[in-house]
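For reference, the chains in residue letters:
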Amino acid sequence: MINAIISLAVMGAIFGIILGIANKKFVVDIDPRVEAITNALPGANCGGCGFPGCGGYAEAIVVGTAPLAACGPGKDEVRKKIAGIMGADVGESKERKVAQLMCNGGQDKAVSLYEYEGILDCYTAKTMFGGPKVCSYSCIGLGSCIDACPFGCITMGDNHLPIIDYDLCVGCNKCVEYCPQSVIQLIDASKLVHVRCSNRDKGKLAKEACQVACIKCKLCEKNCPEGAIAVVDNGAGGLAEIDYSKCTNCGICVNKCPTNAIEKIMPINIEAINKEDTNNTQSSVACNNCGLCK
Amino acid sequence: MNMSTFKGGTHVPGYKELTQGLATIPAKIPNKLYIPVSQHIGAPCIPLVQIGDEVKKGQKIAEGKGFVTAPIHSSVSGKVLAIEKKQHPGGNFVNCIVIENDGKEEWAVTVQPNSNPEELSSEEIRKIVFEAGIVGLGGATFPTHVKYAPVENKQAEFIILNGVECEPYITADHRIMLEKPERIIAGLRYKLRSTGCKKGIIAIEENKLDAIEKLTKLCELEENIEVIALKEKYPQGSEKQLIFACTGREVPVGGLPLDAGVIVNNVATAVAVADAIELGIPLIERITTLSGDGIKKPANYLVRIGTLFSDLIEESGGFTGDIDKIISGGLMMGKTVFTDDIPIVKGSSGIVVLKKQLGVDGKEYNCVRCAKCVDACPMFLEPTTIVKLAKRGLWEEAEKNNIMSCIECGSCVYVCPASIPLVQYIRRAKLAIGAARAKARSNGGKK
């Protein structure tokens, strides 16, 4: 009994000393700023900054390889905090960007090529003759972007086109990267006029494939007072494209477009997710709009 | 009889009685043929002809760049009408050279019988095989000349001719073994000579006893050719499983059959090789089985490449009422196509037309963790685990579980009591991993 107590006490003392030395000798210096920045970031780990999660971004900032204003969800408030921690100037704040779907060819408008049976994944459907719609540029409509969105701001509409909630969208770029058809783009929230078509085939083919396709008639190009919209020809057909730096949201092209391929949306609340008067009940920048609090 | 086989796999009903006793019929040559410029693994070919050109039977009309490619020849003599995009049995839209058949059947001047095939060097044999546009006719369409190209420090010991044909419904290889056994052996001899292999094996499943007997008899006098009968099991026709069944060797993960000292080829490919070497005929026709309960008269057709599915179906008397699915290839690994307006390509071993099956709702239920898929997997993977990861988009973890070794044979889906389309999830994950690897490669290249 006594022997056991003594031997255990001696062993404890020896190990304690070893651990104590090891703690001093092998100590890893952690920059306290990394932790501070990680705490300041929204914590959604959306990856929109291009780094592996918020922790990865924080480390990159401290090392100096990342810009201070790369966090999309965090907005100005987070940028100011980071700037404060790093003791640097935050610079110009970027305008909020939201995801826009560049296709309006839902099940009711686009001509179907075949009936798709299988797992609900756009990539899988794309391997089957480029998707279940005749238009090979269109939104496939199986909702892979919904799974990709870390903020739950995309829902599926009745016509099997995703609906993006601009108030919740933080511009993290996830859906843009995930979409196999590249029909989602990130565009400044202040821009309201969009060409809801990605078909680059000739007008006749486009019209056969979808009721609301851009038929390359150039009416928008001729009527735009700012010269902001033009049919960019790629040789095989082309597509009306808006130069957003010139567009003034006047909406003349929307009225002129014979197929309603151009659409003007209701103004988006530019600071939507940071204000309390929106649908969100929270005001904290750390909120990632998961909706659990409701 | 003590017959060898591989581990894992499943027993799928063959449905071969529909066509296995029917002799091959030369299919009617249609007036218009659509020859896709991509009929092999590798980059698509570039057309050598222009609209309005006159072409002869066997004339080269498209060729590709690089090593892994196979030229494409005209199946008929006639005129090039157009080069247009058309559905391809592989599940995409591919440029097709449309040729109007003039019915004269004139051979091109390049098609000349070889006066002395016994004296060709291995280099020359490979060149002829390449020029004839021969690809693996089992369905994978891997260019044959690439398989025979010598690789440093690797010498193949065996050539296995694959006459297993484990896919349900398809009997194209069975018929070619019964109808052209001498040509198969002739082709195998050229292959053995060109690669310096010691031994040739012709592997046949036990459900084709007549073919086994016939080939065994013919091979009695051949010293270095052996016919092996294998137990009936799916997917025995898959390269890696066949190698194990015949030689007991395993191909290492991520390796090629050559790493196990084996080259595998289809029996129909051997016939094409013999035709190309002795007669100079390029690959312009193949045997295709048209079968299934949705077709009036199932049959084996000798068909020209570029014939439309609809032409063959019409020749067989059309559909028996409402059909549910047209499958290009076999039932297990073939691709469902949405129309019969699709040309037959070098890899089209069969077309299966099915009527609506009763009691099949196609609904996916939850995994009950019965591990039937684990037992069935011939690659010794854990499909249930891999799919769980793939469903969550955890591509890297799936890769660690060797998802890239999956041969997509569909054994797991066949045995799954919860009807989970495991292979679809696995294909999705493989696409993502492939894209990630390509991205990593291009990034690495930049640095």
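Basis of the calculations
- Residues numbered from 1 in each chain as written.
- Chains lettered and ligands numbered in written order.
- Predicted model: local features only at pLDDT ≥ 70, side-chain atom pairs only at ≥ 80, totals over all residues.
- Heavy atoms only, no water.
- Helix = DSSP H or I, 4+ residues; strand = E, 2+ residues; numbered from the N terminus.
- Buried < 20%, exposed > 50% of the residue type's maximum accessible area, 1.4 Å probe, protein only.
- Contact = heavy atoms within 4.5 Å.
- Areas by Shrake-Rupley, 256 points an atom, 1.4 Å probe, with all protein chains shown as cover.
- Core = buried A, V, L, I, M, F, W, Y, C linked by side-chain atoms within 4.5 Å.
- Domains from an automatic or database assignment.
- Pairing = 2+ DSSP bridges.
- Buried area = accessible area lost by both parts, 1.4 Å probe.
- Salt bridge = Lys/Arg side-chain N within 4 Å of Asp/Glu carboxyl O.
- Polar contact = N/O pair within 3.5 Å; in protein donor to acceptor, adjacent residues only side chain to side chain.
- pLDDT = per-residue confidence, 0-100.

### Focus: the overall build of chain A
Next up, step 1: Along its length, chain A carries 10 helices and 8 strands.
Next up, step 2: A burial count over chain A gives 43% of its 294 residues as buried.
Next up, step 3: Across chain A, every contact between residues at least 6 apart in sequence was considered, and the portion connecting residues at least 24 apart equals 59%.
Next up, step 4: When the accessible surface of chain A is split by element, carbon and sulfur atoms take 56% of a total near 15,500 Å².

### Digging into the nonpolar core
Next up, step 1: In this structure, Ile134, Ile176, Met177, Ile184 and Ile202 of chain B are the most contacted members of the largest nonpolar core, which totals 45 residues.
Next up, step 2: Contributions of two or more residues to this core are made by helix H1 (122–131), strand E9 (158–163), helix H3 (172–179), helix H4 (181–195), strand E10 (199–205), helix H5 (209–219), strand E11 (225–230) and helix H7 (267–279) of chain B.
Next up, step 3: Looking at this core, the element that brings in the most residues is H7 of chain B, giving 8 residues.
Next up, step 4: Summarising the domain contributions, this core has at least three residues from each of domain 1 (30–111 + 282–355) and domain 2 (112–279) of chain B.
Next up, step 5: Counting 44 residues, the second-largest nonpolar core is a separate cluster that includes Phe129 of chain A together with Val353, Cys373 and Leu422 of chain B.

### A closer look at the pairing of strand E8 (residues 92–101) of chain B
Residue and element names in this part refer to chain B.
Next up, step 1: Sheet topology places strand E2 (residues 32–36) next to E8; 5 bridges connect them, and they run antiparallel. Bridge pairing links tyrosine 34 to valine 98 in E8.
Next up, step 2: Two elements, strand E7 (residues 78–88) and E8, share 10 bridges in a ladder whose sense is antiparallel. Within E8, the residue paired with alanine 82 across the bridge is valine 98.
Next up, step 3: Where E7 folds back onto E8 in an antiparallel hairpin, the turn is made up of 3 residues, including glycine 91, whose phi is positive at roughly 95°.

### A few points about the interface of chain B and chain A
You'll often see interface size given as the accessible area lost when the parts meet.
Next up, step 1: Taken residue by residue, the interface counts 17 residues in chain B and 14 residues in chain A.
Next up, step 2: When chain B packs against chain A, the two sides together hide about 1,200 Å² of surface, and 68% of this comes from carbon and sulfur.
Next up, step 3: Among the residues of chain B in contact with chain A, Phe338, Gln424 and Arg428 of chain B are the three that bury the most area, contributing 46% of the side total.
Next up, step 4: At the junction of chain B and chain A, the tally comes to 2 salt bridges.
Next up, step 5: Put simply, chain B and chain A have 5 residue pairs in polar contact (both at pLDDT 80 or more) between them.
Next up, step 6: Among the secondary structure elements, those contributing two or more residues to the side of chain B that touches chain A are E7, E8, strand E16 (335–337) and helix H13 (422–446) of chain B.
Next up, step 7: Counting residues per element, the side of chain B that touches chain A draws most heavily on H13 of chain B, at 4 residues.

### Some words on the domain arrangement of chain B
All names here are of chain B.
Next up, step 1: On domain assignment, one finds that chain B holds domain 1 (30–111 + 282–355), domain 2 (112–279) and domain 3 (372–442).
Next up, step 2: Its C-alpha centre places domain 1 at a distance of 24 Å from the equivalent point of domain 2.
Next up, step 3: With 33 residues of domain 1 at the interface, the matching set in domain 2 holds 29 residues.
Next up, step 4: Across the interface of domain 1 and domain 2, roughly 2,600 Å² is buried in total on both sides, 65% from carbon and sulfur atoms.
Next up, step 5: A per-residue breakdown of the area domain 1 buries against domain 2 is headed by Phe67, Leu283 and Ile287, which together make up 20% of the total.
Next up, step 6: At the junction of domain 1 with domain 2, the criterion picks out 1 salt bridge.
Next up, step 7: The salt bridge involving glutamate 131 is made with lysine 60; its shortest N-O contact spans 3.2 Å.

### Concerning the side chain of threonine 124 of chain A
Next up, step 1: Structurally, threonine 124 of chain A is set in helix H5 (residues 122–126).
Next up, step 2: Since its relative accessible area comes to 9%, threonine 124 of chain A is described here as buried.
Next up, step 3: In contact with threonine 124 of chain A, not counting residues within four places along its chain, are Tyr116 and Ile119 of chain A together with Gln424 and Arg428 of chain B.

### Quick look at the confidence of the model for chain A
Residues and elements named next belong to chain A.
Next up, step 1: Within chain A, residue pLDDT values average 84, and 89% of them lie at 70 or more.
Next up, step 2: Taken element by element, the predicted model of chain A shows its lowest mean pLDDT in helix H4 (residues 75–86) (80) and its highest in helix H1 (residues 2–25) (94).
Next up, step 3: Per-residue pLDDT stays below 50 along residues 273–284; that stretch engages in 23 contacts with residues further than four places along the chain or on separate chains.

### A closer look at the confidence of the model for chain B
Next up, step 1: On average, residues of chain B score 91 in pLDDT, and 98% of them reach the 70 mark or higher.
Next up, step 2: For this predicted complex, the interface score ipTM comes out at 0.84, alongside a pTM of 0.83.

### Focus on the domain arrangement of chain A
All names here are of chain A.
Next up, step 1: Segmenting chain A into domains produces domain 1 (33–86), domain 2 (95–189) and domain 3 (191–197 + 211–267).
Next up, step 2: Once you take the C-alpha centre of each, domain 1 and domain 2 turn out to be 28 Å apart.
Next up, step 3: Tallying the contact residues gives 7 residues for domain 1 and 6 residues for domain 2.
Next up, step 4: Taking both partners together, domain 1 and domain 2 bury about 500 Å²; carbon and sulfur atoms supply 67% of that area.
Next up, step 5: Inspection of the domain 1/domain 2 interface yields 0 salt bridges.

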